Amino acid sequence: MHQDIENTKAASRTTGVDSEKVRADFPILNRVINGHRLVYLDNAASSQKPTAVIDALTRYYTHTNANIHRGLHTLAEEATAAYERTREHTARFIGGVKQSEVIFTNGATEAINLVAATWGEDNVGEGDEILITEMEHHANLVPWVLLAQRKKAILRRIPLTSDGYLNLPEVSRLITDRTRLVAFTHMSNVLGTINPVKQLTEQAHLAGAAVLVDGAQAVPHLPVNVVDDGVDFYAFSSHKMLGPTGVGVLYGREELLEKMRPYNTGGEMIREVRFDGVTFNDLPHKFEAGTPNIAGVVAFDAALTYLENLGMESVRQHEIELTGYALNRLTEIPGLEVQGPVDPLGRGGVISFTDPKIHPHDISTLLDSRGIAIRAGHHCAQPLMKVMGKVATARASLYVYNGRDDIDALIEALMETRRYFGI
Ligand code: PMP
């Protein structure tokens, strides 16, 4: 047993992320749930927050709180500087884009809706095509279904292979001279599949189509460089990457953002308002109407710093190693069906599975009684569930504070669940 623990420690150290050390930075992980140490494996839904982020929130409200951009007093200037510092940091974090290309929203969902309601409204017409994939989260699906309906446009989708990848040979057939947009997830929140952003972007651009990438599951877990990948729009959320809820990011290429109409309207997004007309503020403020989630954005900076200190390459390495370990150990459970790619290099640490004899909701409830948090359901991907022939799956999703001991606890609890049901 002692040897096992030593092996686990050694394994997590070789990946560059020492999950045990990381765990000490997350106070919530000290909680005891139903008499057991909390094993948090619901990171695809939302991550936990390190002390640095919690402190940044408290510090902001204790020392700095004021509205931004408008005030001429010290607090307003400090709050504005802190808010804009996060923008500058975010711009660097995703590959060194211009600060004018980073728009704060309240989440990835709003970032995608912004593009649908502005760029989409003006660039997609009757008979045009929008290409998505079968593995989209509703956030990158519903806006396009509705836009297609409004515009009498056609929604096409890239199918999946039986092992959970995109069927890439199909893409050249599906992108046509009517394709206006290719919108796809960087990493699936159900299958874990990592999609080839650069390759798809090149194909889309060759046909004159724009590209929107849903990076909600990717930015927290992989090094992402939107400049290298050449995408037009990229959306993600702070709360899945150690930051506060209520903060999202839309990256958009300046040339496109400049031409786009505003999304929300009101204060801050204007340059001049008359009773008979309005001119708009410069980027990125044109897309940030009203008072934003200032405290959340300011504390998001601490999340970016935390991840940078770990190193995104190390975060990815840690997840490859831990995902491989989890996929391997899950094969020990008779009959269990794991979805998505089997190669940890082709996927992230989002692991969906089903037991032919136990409903995913029952699995989740029984795991909770052992202090293990996973998710069960359709994961906001109903069309994908249909493609997979499932109504729901159980989903364990990993992050930097998870170690092999968490996977071992999961496996043991899954075994016990089977015993509970007399299987
Ligand atoms: N896309 C994907 C792939 C997601 O997993 C999620 C969150 N579940 C979203 C978009 C939406 O993110 P949010 O709820 O933070 O707007």
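Throughout what follows, the structure given in this document is the object of discussion. (Residues numbered from 1 in each chain as written. Predicted model: local features only at pLDDT ≥ 70, side-chain atom pairs only at ≥ 80, totals over all residues. Heavy atoms only, no water.)

**Observations regarding the overall build of the protein**
Put simply, the rule reads: Put simply, DSSP H or I for four residues or longer makes a helix, DSSP E for two residues or longer makes a strand, and each gets a number counted from the N terminus. In this scheme, a residue with accessible area under 20% of its type's maximum is buried, one over 50% is exposed, and one in between is partly exposed, where area comes from a 1.4 Å probe on protein chains only. Contacts are assigned to residue pairs that have any heavy atoms within 4.5 Å of one another. Accessible surface is estimated by sampling points in the Shrake-Rupley manner with a 1.4 Å probe; for residues, cover comes only from the protein chains shown. Asp and Glu count as negative and Lys and Arg as positive, but His and the ends of the chain are not part of the count. All charge positions are set by atom: Lys at NZ, Arg at CZ, Asp at CG, Glu at CD.
In terms of regular secondary structure, the protein is built from 15 helices and 17 strands. By principal-axis analysis of the C-alpha atoms, the protein measures approximately 75 × 55 × 35 Å. Taking all 423 residues of the protein together, 57% fall into the buried category. Put simply, 73% of the contacts in the protein that link residues at least 6 apart link residues at least 24 apart. Counting only carbon and sulfur atoms, one obtains 51% of the accessible surface of the protein, whose full area is about 17,700 Å². When the 41 positive and 52 negative side-chain charges of the protein are each reduced to one mean point, those points stand 3 Å apart.

**So, the site of the ligand**
Definition in use: Neighbouring residues are identified by heavy atoms, a residue being near a molecule or strand if any of them is within 4 Å of it. Any N or O atom pair separated by 3.5 Å or less is treated as a polar contact, with the protein-specific requirement of one donor-capable and one acceptor-capable atom, and with residues adjacent in sequence counted only for side-chain atom pairs.
Near the ligand, the surroundings consist of 13 residues, among which Thr109, Asp214, Gln217, Ser237 and Lys240 are the closest. Separating an oxygen atom of the ligand from a backbone N or O atom of Ala108 is a distance of 3.3 Å. With respect to the ligand, the side chain of Lys240 contributes an N or O atom lying 2.7 Å from a nitrogen atom. Bound to the protein, the ligand loses 85% of the 400 Å² it would expose on its own.

**Re the sheet that holds strand E14 (residues 350–354)**
What counts, and what does not: Paired strands are those between which DSSP finds at least two bridges. A fitted line through C-alpha atoms represents every axis, and for helices the fit uses only the stretch in contact; the resulting angles, taken between N-to-C directions, go from 0 to 180 degrees.
The strand order across the open sheet built from four strands is E13-E14-E17-E16, with neighbouring strands paired in antiparallel fashion. The open sheet has two edge strands, strand E13 (337–338) and strand E16 (375–377), and neither has a second partner. Contacting E13 and E14, helix H12 (residues 312–330) runs over the sheet at an angle of about 10° to E14.

**Describing the sheet that holds strand E6 (residues 154–158)**
Pairing between the strands of a sheet is mediated by backbone hydrogen bonds and can be parallel or antiparallel. Spatially, seven strands are ordered E4-E10-E9-E8-E7-E5-E6 in an open sheet, and the strand pairing comes out mixed. At either end of the open sheet lies a strand with only one pairing partner, and these are strand E4 (102–105) and E6. Sheet twist, expressed as the average angle between the axes of neighbouring strands with direction ignored, equals 20°. The strands that helix H5 (residues 108–123) touches are E4, strand E7 (179–185), strand E8 (210–214), strand E9 (233–237) and strand E10 (248–252); relative to E9, the one it contacts most, it runs at about 155°.

**A few points about the packing of helix H4 (residues 74–93) against helix H11 (residues 294–310)**
Test applied: We call two directions roughly parallel when the angle between them is under 35 degrees, roughly antiparallel when it is over 145, roughly perpendicular when it lies between 65 and 115, and oblique otherwise. Note on convention: the crossing is left-handed when the near helix lies turned anticlockwise from the far helix by less than a right angle, right-handed when the turn is clockwise. Three classes are used, and their members are as follows: Ala, Val, Leu, Ile, Met, Phe, Trp, Tyr, Cys and Pro are nonpolar, Asp, Glu, Lys and Arg are charged, and the others, Gly among them, are polar.
Running from N to C, H4 and H11 point in directions that differ by 40°, and their axes come no closer than 8 Å. Taken together, the axes of H4 and H11 are oblique relative to one another. You can see that H4 and H11 cross each other, and the crossing is left-handed. Within the contact between the two elements, H4 uses Ala82, Tyr83, Arg85, Thr86, His89, Thr90, Arg92 and Phe93 and H11 uses Ile294, Val297, Val298, Phe300, Asp301, Leu304, Thr305, Leu307 and Glu308. Across the contact of H4 with H11, the residue classes break down as nine nonpolar, four polar and four charged.

**Let's talk about the pattern of salt bridges**
For clarity, the cut-off: By definition here, a salt bridge exists when the distance from a side-chain nitrogen of Lys or Arg to a carboxyl oxygen of Asp or Glu is within 4 Å.
Within the structure shown, the criterion is met by 31 salt bridges. For Lys259, the salt bridge goes to Glu255, with nearest N and O atoms at 3.9 Å. Separated by four residues within a single helix, Lys259 and Glu255 lie in helix H10 (residues 254–259), roughly one turn from each other. Here Arg404 makes a salt bridge to Glu321, at a shortest N to O gap of 2.4 Å. Of this pair, Arg404 sits in helix H15 (residues 404–420) while Glu321 is found in helix H12, placing the two residues 83 residues apart along the sequence. Residue classification places Arg404 among the partly exposed positions, given a relative accessible area of 24%. What emerges from the salt-bridge pattern is a single network uniting Arg23, Arg37, Asp405 and Asp406.

**Digging into the packing of aromatic side chains**
The line we're drawing: Centres within 6.5 Å make a pair out of two Phe, Tyr or Trp rings, where for Trp the six-membered ring is used; the pair is then stacked when the planes are under 30 degrees apart, edge-to-face when over 60, and tilted otherwise.
Counted according to the given criterion, the structure contains eight aromatic pairs. Judged by centre distance (5.4 Å) and plane angle (65°), the ring pair of Tyr83 and Phe104 falls under edge-to-face. Highlighted residues: Tyr83 in helix H4 and Phe104 in strand E4, separated in sequence by 21 residues. Judged on exposure class, the residue Tyr83 and its partner Phe104 are both buried. When the centroid spacing of 5.4 Å and the interplanar angle of 75° are considered together, the rings of Tyr420 and Phe421 count as edge-to-face. By relative accessible area, Phe421 is classed as partly exposed at 35%. Taken together, the aromatic side chains of Phe26, Tyr306, Tyr399 and Tyr401 make up a single cluster linked through ring pairs.

**Comments concerning the nonpolar core**
Stated precisely, the cut-off is as follows: For the purposes of this section, nonpolar cores are sets of buried Ala, Val, Leu, Ile, Met, Phe, Trp, Tyr and Cys residues that join through side-chain atoms within 4.5 Å.
Grouped together as the largest cluster of nonpolar side chains are 78 residues, with contacts concentrated most on Tyr234, Met241, Phe300 and Tyr401. Looking at this core element by element, the count peaks at 12 residues for H11. In contact with Tyr234, other than residues within four places in its own chain, are His186, Val213, Gly215, Ala218, Val219, Val224, Val226, Val249, Leu250 and Tyr251. Counting 28 residues, the second-largest nonpolar core is a separate cluster that includes Ile130, Ala139, Ala183 and Phe287.

**Focus on the side chain of Glu121**
Considering the arrangement of structural elements, one finds Glu121 in helix H5. A polar contact of 2.9 Å, which involves the side chain of Glu121, links it to the side chain of Arg150. Among residues more than four places away in sequence, those in contact with Glu121 are Ala116, Leu147, Arg150, Lys151 and Arg261.

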